[in-house]
Amino acid sequence: MLSEEVQACISDYSGTNVNPQVICCHRYRFIYVRIAKNASTTFSAEFVKDRYGGEKTSYSDLDDDIKEKYFTFAFVRDPVERLLSGYHELIIRETKAPFDTGDYLDIEQPYGRLKYFLSLLKQCKWDNHIRDQLAFLKNTKIDYLACIQSSYEDVAFIFKHLSMGAVPEVGRRRTRIQLVKQEQDRNRMQLAHVFFRKDLDEDLLSSVSEIYQMDVAFYQAVLQARADLLGGYRVD
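Residues numbered from 1 in each chain as written. Predicted model: local features only at pLDDT ≥ 70, side-chain atom pairs only at ≥ 80, totals over all residues. Heavy atoms only, no water.

Can you walk me through the pattern of salt bridges in this structure?
Any two side chains of opposite charge can pair, so long as their charged atoms come close to each other. Enumeration according to the criterion identifies ten salt bridges in this entry. Here Lys67 and Asp64 are joined by a salt bridge, their closest N and O atoms 3.9 Å apart. Within this pair, Lys67 and its partner Asp64 are both found in helix H3 (residues 64–69), separated by three residues, close to a single helical turn. Taking the relative accessible area as the measure of exposure, Asp64 reaches 61% and is therefore exposed. One salt bridge in this structure joins Asp199 and Lys198, with 3.4 Å as the shortest N-O distance. Here Asp199 falls in the partly exposed class, since its relative accessible area comes to 31%. The class for Lys198 is exposed, based on a relative accessible area of 71%. One salt-bridge network, held together by shared partners, links Glu153, Asp154 and Arg226. (Salt bridge = Lys/Arg side-chain N within 4 Å of Asp/Glu carboxyl O. Helix = DSSP H or I, 4+ residues; strand = E, 2+ residues; numbered from the N terminus. Buried < 20%, exposed > 50% of the residue type's maximum accessible area, 1.4 Å probe, protein only.)

What's the story with the pairing of strand E5 (residues 144–147) in this structure? I'm lost.
In regular strands, side chains alternate between the two faces of the sheet. Across the two faces of E5 the burial is the same, with Tyr144 and Ala146 and Leu145 and Cys147 all buried. Direction of pairing for strand E4 (residues 71–76) relative to E5: parallel, over a ladder of four bridges. Residue pairing for E5: Val76 is matched across the bridge by Cys147. (Pairing = 2+ DSSP bridges.)

Quick question: what am I supposed to make of the packing of helix H7 (residues 110–121) against helix H11 (residues 202–211) here?
Axes are the key here: two packed helices are described by the angle between their axes and the distance separating the axes. H11 packs onto H7 with a crossing angle of 20° between their chain directions and a minimal axis gap of 10 Å. As summarised for this structure, H7 and H11 are arranged roughly parallel, according to the angle between their axes. The chirality of how H7 crosses H11 is left-handed. The residues of H11 that touch H7, namely those facing Tyr111, Leu114, Lys115, Leu118 and Leu121, are Leu204, Ser207, Val208 and Ile211. Across the contact of H7 with H11, the residue classes tally to seven nonpolar, one polar and one charged. (Axes fitted to C-alpha atoms, helices over the stretch in contact; angles between N-to-C directions. Parallel < 35°, antiparallel > 145°, perpendicular 65-115°, else oblique. Left-handed = near helix turned anticlockwise from the far one by under 90°. Contact = heavy atoms within 4.5 Å. Nonpolar A, V, L, I, M, F, W, Y, C, P; charged D, E, K, R; others polar.)

Hey, could you run me through the environment of Glu55 in this one?
Along the chain, Glu55 falls in strand E3 (residues 55–58). Residue classification places Glu55 among the partly exposed positions, given a relative accessible area of 44%. For the pair Glu55 and Cys24, spaced 31 residues apart in sequence, the C-alpha to C-alpha distance is 5.2 Å. Residues contacting Glu55, with those up to four places away along its chain left out, are Val22, Ile23, Cys24 and His26.

Honestly, the nonpolar core in this entry has me stumped. Any pointers?
Nonpolar side chains in soluble globular proteins generally cluster together in the buried interior. Counting 30 residues, the largest nonpolar core has Val6, Ile31, Leu137, Leu145 and Phe218 as the members making the most contacts within it. Mapped onto this core, the elements with two or more residues apiece are helix H1 (4–12), strand E1 (21–25), strand E2 (30–33), E4, helix H8 (134–137), E5 and helix H12 (213–230). The leading source of residues in this core is H12, at five residues. Setting aside its immediate chain neighbours within four residues, Ile31 contacts Val22, Ile23, Cys24, Leu62, Ile66, Lys67, Tyr70, Phe71, Thr72 and Phe73. (Core = buried A, V, L, I, M, F, W, Y, C linked by side-chain atoms within 4.5 Å.)

Read these as geometric descriptors, not functional statements.
As structure tokens, this is what we get:
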């Protein structure tokens, strides 16, 4: 189902590869590839329910026969939004580097700290939350790439393709528990200042696009391929 452009982006990727964690479901014969900061926790929690019987493992541990025959999919996200989400995640987890270094702590303005963080990314992407999405896909056999921004529509398409029955609400509505947790996380990040795409000036957007150049081209190719494939497909 992948377009030639998307396949070329994956094949041409030359960065560090990741052996991704996956959910393998023998009942419906699918493999869900987890990409960090792309709602992987939410979807993993759904696919391991008794209804599906999915099992957590790594892609490299799967038999080649399963990799070849099972329908394999993943969710991708706008690289800028994903980077900012990854930045927040690292702050929440209080990851040591670079947040306990003098160079970082000496910068008082949150915007300046974000700029310093991006300068470090140009040298090394040291955590899965900020590595390229392509790094999770390079050595996988992917059949379909869905988008977080339209996750419910994509989940519905996948469920229909695999004859999995009723589509869960995952990706459509957030529960009260999720909203409370989101508010708690927001409070914890007050000092870090939550950033969104709209908060970035042209220079920072350009810097992110440069750092994630291959991911940006890949994401645009996925959006086009998805539009061509789904066409007028809609979910009520």
